[in-house]
Amino acid sequence: MKHPHPSRQGWPGYWGDLALAGLAYITSLGFYLATLSPGLSYLSPDGNELIVICATLGLAHSTGYPLYTWLGKLFSLLPLGTVAYRVNLMSAVLGAAAAALLYGLMRLLTRHRGVALFTALFFALSRAFWSQAVIAEVYATNMLLVASTLLSFLLWAQRRRAGDTRSDWLLLLAILALGLSVGTHMSNLGFVPAYGLFVLLVYPLIWRRPALILGAALAFGLGLLQYLWLPLKADNLTDALMMRNSPTTWRGFYNYTLGAFPQMKFAFSLPEIPERIVLYLELLRQNVGLGGIVLGLYGWVELLWRRTRHFYLLMGMYLVHVFFFVQYRVFDLDVFFIPAHFLYFIVIGYGLACLLDHLRNWSGRAKRRWLPPALKGLLALPLLLGALASQILGNYGVNDHSGDTAAEDFYENVFALLPPGSVLLGQGGVFGYDMFYYPLVLDLRPDVYIPPLENPGGRPQELQGAPIYTTIQGAKQRGPGQLDPRMLPQDAWYIPLLLGESGGETGGGLRKELVLYRLSEEPPRLVRDEARPLFPLGVELDGLCLEGYDLAQDRVEAGGCLQLTLYWRVLGRPRGMLATALGEQALERHTLGLGNLERYAQEVRPPDGRIVVEEYALVVPSDLEPGAYPLRVGLVAPRQTAEENWVELGQVEVTGKDG
Amino acid sequence: MTEREAGIGQIESAWRGRRWWVLGGGILLGLLVLAAVFSLGVYVGRRGWDAGAPSIARPGPAQPPLNPPQPIDQGWPQQQQPVLMGPLHSQNRQGLTVRTSDGLRFVRVTEETRFFRMEEGTEVEIDRQGLRPGDGVAVFGRPSPDGLSLLVERVVLLPPKQ
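All of the points below concern the structure found in this document. Note that the coordinates shown come from a computational prediction; the quantities given were computed from them, not determined experimentally.

What counts and how
Residues numbered from 1 in each chain as written. Chains lettered and ligands numbered in written order. Predicted model: local features only at pLDDT ≥ 70, side-chain atom pairs only at ≥ 80, totals over all residues. Heavy atoms only, no water. Helix = DSSP H or I, 4+ residues; strand = E, 2+ residues; numbered from the N terminus. Buried < 20%, exposed > 50% of the residue type's maximum accessible area, 1.4 Å probe, protein only. Contact = heavy atoms within 4.5 Å. Areas by Shrake-Rupley, 256 points an atom, 1.4 Å probe, with all protein chains shown as cover. Rg over C-alpha atoms; globule rule 2.2 N^0.38 Å. Lys, Arg positive; Asp, Glu negative; His and termini not counted. Charge placed at Lys NZ, Arg CZ, Asp CG, Glu CD. Salt bridge = Lys/Arg side-chain N within 4 Å of Asp/Glu carboxyl O.

Remarks on the overall build of chain B
Counting its regular elements, chain B contains 1 helix and 7 strands. The secondary structure elements of chain B, listed N-terminal to C-terminal, are α-β-β-β-β-β-β-β. Within the span of chain B, comprising 162 residues, buried residues form 32% of the whole. Partitioning the intrachain contacts of chain B with sequence separation of at least 6 by distance along the chain shows that 42% fall at a separation of at least 24. For chain B, the exposed surface amounts to about 10400 Å²; the carbon and sulfur share of it is 55%.

In structure tokens form, the structure reads like this:
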């Protein structure tokens, strides 16, 4: 019986392969660029920190990510867009390169160019990987390093098995890449046993080559030398949690790297594990589909049968990763499985190649030699194109962050609004880098004092006399990076001045409230006896009457802000939240009185029959096309848009950035 | 020896060398499938066939800023949920200020407002002077007709946390 062997044809050496790898690269990059986040965002908990750390060559949170930092610095120097955009761009460029290398990997494992191209694109357009290729995060870059390492090992194995004794430089290259990849994600260390076993299976007599073993150890050590960056840059840390484990001592170094986040590791008891495995299976399904899971299982079986060494390599890598991260307690778990998904995509491609080989052999035995191309064309191609189309249709909308300008629009207005010499408070540590970006990277407003930038938690005594503004409320401080509670007293009045975009589609990100408050001991003049709006209206909106409004200007630059005052008479109990929009573009949502009315009614005066005055500035998204838009105010249900009641105010002309 | 026989011989020779590896891999794959099927069975057994796919507990989608307080569920019957709960910040003649997750909340007390202490699962009426700053309290009441103030019916002093 003749077994189909998908790898008999060598690789590389074909211009066609280079062209197809280039096609995988260009196609992936095209999708990534079309959906790339334009700047700062809250799509990842660490993205804004990584942008600033790359641009300033600082030290990222545990486990440090030195190689990522250096690569990010190179990208931050590109003469394209903003610094934040450039670091986002790195994920797109290097993520697409990972897809191109996957083409090479599949070409090496199978003889099918079509399958290799399909697998590369199927992976590139999968949900989790795509999501990381459009923001500043380590995962896309990490996959380039993982793919480089794996490809080098496979190339070495192929040449060594073919008797090429001069190919050991490829082994050293693979091990160097492995060492370097620890600087994009430390979990790559988990692959070491699988690589070690693979080397022994391919070249059992390696123990007779002490020079090669020494060279391998040196290559790995050379890759790890990047971690000297940690003690060198430890002084730059601003996060209290990270400073507690400052990598300036051996103990601190261990805690910052291998010993980081102990509370997240192996965080589930045995009875909880089955549900975690189901969660993993669900995440796998989201990325490869049910058909992909089945085809992958078949691929594992074929790989075991035909390429046992490769089976143990890929299965070893896969098991270690899944075993570790199934028990990892973190809310953005899906991205940690990307390397495991990558391995699963490889076996999907392998299973597909074997299926096609079986099909060809069957049609060959049937002496219908005209069938193979016809069958492939009729059956395989539409199926494969359908699978790719399904990835695109299912994942494009979810991963399209090209219009996510909320964070930068908000902070640009914040720094424009703050008076000279003021204090700006906000979350500190890793999650405060949306704010730190402006002074650290753009060198904007050095006169504004940002306490958590200099000291985690801040120093309350340094705030004396200065006007204080904040983007968080004392009672709402959560998690790491909290300020000293004396800086954000809970009994102070938090008077909203500027409201950033909220309530719109964000792709399920981690966006926090984008509100600039002025801290005051005195309450705002929220309730007044009568309304004197510049534009009287008298429109009822389910429990409220909009008596009128003031609009400071009818022309605004995209990315600028509109100063709006609304005069509400309370007739009953309003159901829902107040919202504003420019045309169809939602701007923000808030409760009547901008969060202060309940306390105001209790402590100052109730609004019974009087006028509630809301006075604030609205951020206009910078990606709004220039044109005239009706400014609309509505009463909407907090979580749905079915019951909406809108009233149109005046027209506002939005101009381009240049006016 | 024909070419076909030579091919078979090569395959058999290669197979003898790696059959234990293949066998081990097969067992590994079988165990993996078994673990997946067992986990799915446990999941369905615990949650039923109607349960949706599990999801990661993310911090959630974009929250509208300045959102209103949500009802609190701390084990009281559905019809008797407290409208506010938290440590007592301060009190004066007009009412109490309670520190909640949404900030300080002032509630106005009237002559009709009654005060209780939780004692072994039951509520025992106490005097208002029994309240001290820092005590955990649950406030029961209903919004005023305009929806902007709270008419307090009873305040329950919670047992100290262990």
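Describing the overall build of chain A
Assigned secondary structure in chain A consists of 22 helices and 14 strands. Taken over the C-alpha trace, chain A has a radius of gyration of 29 Å; the compact-globule value for 659 residues is 26 Å, and the two agree within 12%. Counting over 659 residues, chain A shows a buried share of 59%. In chain A, the share of contacts with a sequence separation of at least 24, taken over all contacts with a separation of at least 6, comes to 74%. Within the structure as shown, chain A displays about 26300 Å² of accessible surface, and the carbon and sulfur contribution to it stands at 61%. Once the 52 positive and 54 negative side-chain charges of chain A are each reduced to a mean point, those two points are 18 Å apart.

Examining the pattern of salt bridges
Summed over all chains, the structure comprises 17 salt bridges over all chains. Here Arg-46 of chain B makes a salt bridge to Glu-275 of chain A, at a shortest N to O gap of 3.5 Å. In this pair, Arg-46 of chain B is assigned in helix α1 (residues 3-47) and Glu-275 of chain A in helix α14 (residues 273-306), connecting two distinct chains. What makes Arg-46 of chain B partly exposed here is its relative accessible area of 46%. Between Arg-569 of chain A and Glu-547 of chain A there is a salt bridge, with the nearest N and O atoms lying 2.7 Å from each other. One end of the pair, Arg-569 of chain A, is in strand β9 (residues 561-570); the other, Glu-547 of chain A, is in strand β7 (residues 544-551), and 22 residues separate them in sequence. Residue class for Arg-569 of chain A comes out partly exposed when judged on its relative accessible area of 25%. Each of Asp-17, Arg-107 and Arg-113 of chain A takes part in a single network of salt bridges with overlapping partners.

A closer look at unusual backbone geometry
Phi is mostly negative for residues that are not glycine, and the peptide bonds are mostly trans. Residues and elements named next belong to chain A. In this chain, Ser-62 is followed by Thr-63 through a cis amide linkage whose omega measures 10°. Checked against the element boundaries, Thr-63 lands in the loop between α2 (47-56) and α3 (66-76). Here Tyr-65, not a glycine, exhibits a phi torsion of approximately 50°, which is positive. Within the fold, Tyr-65 resides in the loop between α2 and α3. Even without a glycine there, the phi angle at Asp-443 is positive, about 55°. Relative to the assigned elements, Asp-443 resides in the loop between α20 (433-440) and α21 (451-454).

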